[in-house]
Amino acid sequence: AMGNQVRALTQGPDMVHVVNVPNRGAVSNATDWAVLEMKCVIGQHGARPAYVGELPPVAARWTLAQIYSHELMVEAAVEGSREKAIQALACDPMI
């Protein structure tokens, strides 16, 4: 699959594949800067996420909790804050 993606990026034709990309409005109830795993059109203009719309409430709760716990962990690292790091771990739904 990776060879096909590289070929699509450098030569075309476009292809659809699931990759991790910045949201960029594809999921309307998630932040644009969040990196999400979703179907994208991969071609010479990069990987462009396919529009998803709004996530159902259960999926949105899980996804947004993950996004915001990661954001808090980055803040903890940048600020050197042990307190924020513990908070981020405490609210991470994967832990």
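You'll find the structure just up there.
Keep in mind that what you see is a predicted model, and the values were worked out from it rather than measured.

Here we take up the sheet that holds strand β2 (residues 35-43). Spatially, β1-β2-β3 is the arrangement adopted by the three strands of the open sheet, whose pairing is antiparallel. Only two strands of the sheet have a single partner each, and these edge strands are β1 (15-22) and β3 (46-49). Taking each pair of neighbouring strands and ignoring which way they run, the sheet shows an average axis angle of 50°. Pairing of β1 with β2, which is carried by eight bridges, proceeds in the antiparallel orientation. By the bridge assignment for β2, Met15 is matched with Ile42.

Right, let's get into the side chain of Thr63. Here Thr63 shows up in helix α2 (residues 57-79). A polar contact is formed between the side chain of Thr63 and the backbone oxygen of Ala59, at a distance of 2.8 Å.

Residues Val27, Leu36, Met38 and Cys40 are the most contacted members of the largest nonpolar core, which totals 14 residues. When residues of this core are traced back to their parent elements, those giving at least two are β1, β2 and α2. Discounting residues that sit within four places of it in the chain, Val27 has contacts with Leu36, Met38, Val52, Gly53 and Leu55.

Next up on the list: the packing of α2 against helix α3 (residues 82-91). At a minimum axis distance of 8 Å, the contact between α2 and α3 shows a crossing angle of 165°. Relative to α3, α2 is oriented roughly antiparallel. Like other packed secondary-structure pairs, α2 and α3 cross with a definite hand, here left-handed. When α2 is examined against α3, the residues Ala65, Ser69, Leu72, Met73, Glu75, Ala76 and Glu79 are found in contact with a partner set consisting of Lys84, Ala85, Gln87, Ala88, Leu89 and Cys91. In terms of residue class, the contact of α2 with α3 is made up of eight nonpolar, two polar and three charged.

Rules used throughout
- Residues numbered from 1 in each chain as written.
- Predicted model: local features only at pLDDT ≥ 70, side-chain atom pairs only at ≥ 80, totals over all residues.
- Heavy atoms only, no water.
- Pairing = 2+ DSSP bridges.
- Helix = DSSP H or I, 4+ residues; strand = E, 2+ residues; numbered from the N terminus.
- Axes fitted to C-alpha atoms, helices over the stretch in contact; angles between N-to-C directions.
- Polar contact = N/O pair within 3.5 Å; in protein donor to acceptor, adjacent residues only side chain to side chain.
- Core = buried A, V, L, I, M, F, W, Y, C linked by side-chain atoms within 4.5 Å.
- Buried < 20%, exposed > 50% of the residue type's maximum accessible area, 1.4 Å probe, protein only.
- Contact = heavy atoms within 4.5 Å.
- Parallel < 35°, antiparallel > 145°, perpendicular 65-115°, else oblique.
- Left-handed = near helix turned anticlockwise from the far one by under 90°.
- Nonpolar A, V, L, I, M, F, W, Y, C, P; charged D, E, K, R; others polar.

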